[in-house]
Protein chains: 2
Amino acid sequence: MAIPSIAAVRKTLIARPGKPFEIKDRPTADRELFDDKEEAKTSLKKDAACINDLKDKLYAEGKRALLVVLQGMDTAGKSGTIKSVFADTTPLGMEVKAFKAPSSEEMARDYLWRVHNAVPRRGHVGIFDRSHYEDVLVAKVRGFAPADAIEQRYSQINAFEKHLSENGYTIVKCMLNIGYEEQGIRLKERLVEPHKLWKFNPGDLDDRSLWPQFMQAYETAVTRCSTKHSPWYVIPADSRTRRNAMIARLVRGALEDMDLKWKDPGLDPGSYEI
Amino acid sequence: MAIPSIAAVRKTLIARPGKPFEIKDRPTADRELFDDKEEAKTSLKKDAACINDLKDKLYAEGKRALLVVLQGMDTAGKSGTIKSVFADTTPLGMEVKAFKAPSSEEMARDYLWRVHNAVPRRGHVGIFDRSHYEDVLVAKVRGFAPADAIEQRYSQINAFEKHLSENGYTIVKCMLNIGYEEQGIRLKERLVEPHKLWKFNPGDLDDRSLWPQFMQAYETAVTRCSTKHSPWYVIPADSRTRRNAMIARLVRGALEDMDLKWKDPGLDPGSYEI
């Protein structure tokens, strides 16, 4: 099979705006787009190189920005995605923001304050490793905010993302959809591999025990916040290689759609004596 | 010739603390360390891979940080250095800060305020593309601050860097020492190559016309701010390949000196049921 087109990847993975999204319809080990692992590797490699080239043009232009939002349960591969999709991308013009539990300074403001503060500057590519969606995911499941406050957040988030998209930001939102079984395998790996042990957090097991509640929170968030200006893509994440390949297609597509050209500063090169 | 050891690179390039540094003693096209260009490429490639591995351990540990300060005249290769030395380093855990003309908010504070605000978080590698040294370089040459205020800054900067180094920050400061002739060649390149034209800023020619004054400002800054805890390295920068190879050796050396191990979170892996 050939490498699937960007359009095909989008069509398969998008959570269609205005339609209810049900997680049971999205197998975590789906191989429809990349049945062949080697092909996924080839595709990723090509896309990673393109992404770096396009990012350089975005940087030179300095007028727009790309924001990649990665959400998923622990071990779903947020860090791994960043490392692979941006394997060829040097850190110049990149901003990776890992959202952790909010600090007391952050808690003293509305939940979008720290998020807005972390958007990439124009010309840059920003990556959110977790994001404002935590405020309708873990916050909902664990009751960190009252139910009626959470209920208001979906439309607040939509308004915020619309604002960004109207101000030069292209947003690519990916839910890394890992299965319960696969998470168990990966958590066990963390316990036996010395270079993964540091990632093991006993608290992750608490989230694991609330799996159905988290899946429900994801369904609601994806259903209500997949919009025309900022759709959600749901990525089967049990296969790391395919996950990376699919997200690379989406990121490349977003950059290509920007129709980036080398910025012409409007100078007359002949008029300078050097 | 073999790839020079990290110790040899340091010894050759360091501006020795407490000794006057004279720029005329440092040929911009020096090839003592890497006479063979292919060898420089090989060395860079190996070091770039090591830097990525070490950075992952630094990230896992999360207790210390590396700050790489790049200074140099326009076209000296600050962006190119970042792209090459960190070619294998994915953006996770990297923070590149390009200092531009200060904003009005920044001007309303002391000159180190925005610098301190930009230091990388622990676990990260930060790169300053320009830095607080602009405040004793361009600020001095162009008279953006009174002479007596500038005079005080050297020891303020030393105190600031000492503070950082006592708080878990390793600092690697590199002056990219490009020659006047080579700068001329590169500025002309920018005018004829479409993918470089966006970088051409007519204002750079004004700085070029003040070359001797800038060199003198660099001599003073390097002499007075090369300290035991945060020495300056002066990199011959007329050859891009060799420049990258030398800086990669220094960055790798700084990370190796941290003696990074995979963090042991002190868990009993057998005690978890997954």
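For chain A, an unreviewed UniProt entry supplies the name Polyphosphate kinase-2-related domain-containing protein and the organism Hyphomonas hirschiana VP5. Annotation of chain A in UniProt includes, under Sequence similarities (unreviewed entry), the sentence "Belongs to the polyphosphate kinase 2 (PPK2) family. Class I subfamily."

Turning to the relation of the copies chain A and chain B, a few remarks are in order. Between chain A and chain B, which share one sequence, the superposing operator has a rotation angle of 180 degrees and an axial displacement of 0.0 Å; the RMSD is 0.0 Å. Both copies of the chain, as the preceding transformation shows, are related through a two-fold rotation axis. Among all residues of chain A, the minimum C-alpha distance to the rotation axis is found for A:Pro91, at 2.5 Å. Mapped onto chain B, 100% of the interface residues of chain A are again interface residues, and the two copies thus contact each other with one and the same surface.

Okay, the interface of chain A and chain B next. Taken residue by residue, the interface counts 38 residues in chain A and 38 residues in chain B. Both sides of the chain A and chain B interface together cover about 3,700 Å² of buried area, and 73% of this is carbon and sulfur. Ranking the residues of chain A by area buried against chain B places A:Pro91, A:Trp198 and A:Ile274 at the top, with a combined share of 22%. Applying the counting rule to chain A against chain B returns two salt bridges. B:Lys83 serves as the salt-bridge partner of A:Asp56, at 2.8 Å between the closest nitrogen and oxygen. In this assembly, chain A and chain B are joined by two residue pairs in polar contact (both at pLDDT 80 or more). Listed by contribution, the elements that provide at least two residues to the side of chain A that touches chain B are helix 2 (37-61), helix 3 (78-85), strand 3 (94-98), helix 8 (180-192), helix 9 (194-197) and helix 10 (202-209) of chain A. With four residues, the top contributor of residues to the side of chain A that touches chain B is helix 8 of chain A. Broken down by class, the residue content of the side of chain A that touches chain B amounts to 23 nonpolar, five polar and 10 charged.

Thresholds, definitions, all that
Residues numbered from 1 in each chain as written. Chains lettered and ligands numbered in written order. Predicted model: local features only at pLDDT ≥ 70, side-chain atom pairs only at ≥ 80, totals over all residues. Heavy atoms only, no water. UniProt positions renumbered as here; feature names shortened; annotations may be inferred. Least-squares fit on C-alpha atoms with pLDDT ≥ 70 in both. Contact = heavy atoms within 4.5 Å. Buried area = accessible area lost by both parts, 1.4 Å probe. Salt bridge = Lys/Arg side-chain N within 4 Å of Asp/Glu carboxyl O. Polar contact = N/O pair within 3.5 Å; in protein donor to acceptor, adjacent residues only side chain to side chain. Helix = DSSP H or I, 4+ residues; strand = E, 2+ residues; numbered from the N terminus. Nonpolar A, V, L, I, M, F, W, Y, C, P; charged D, E, K, R; others polar.

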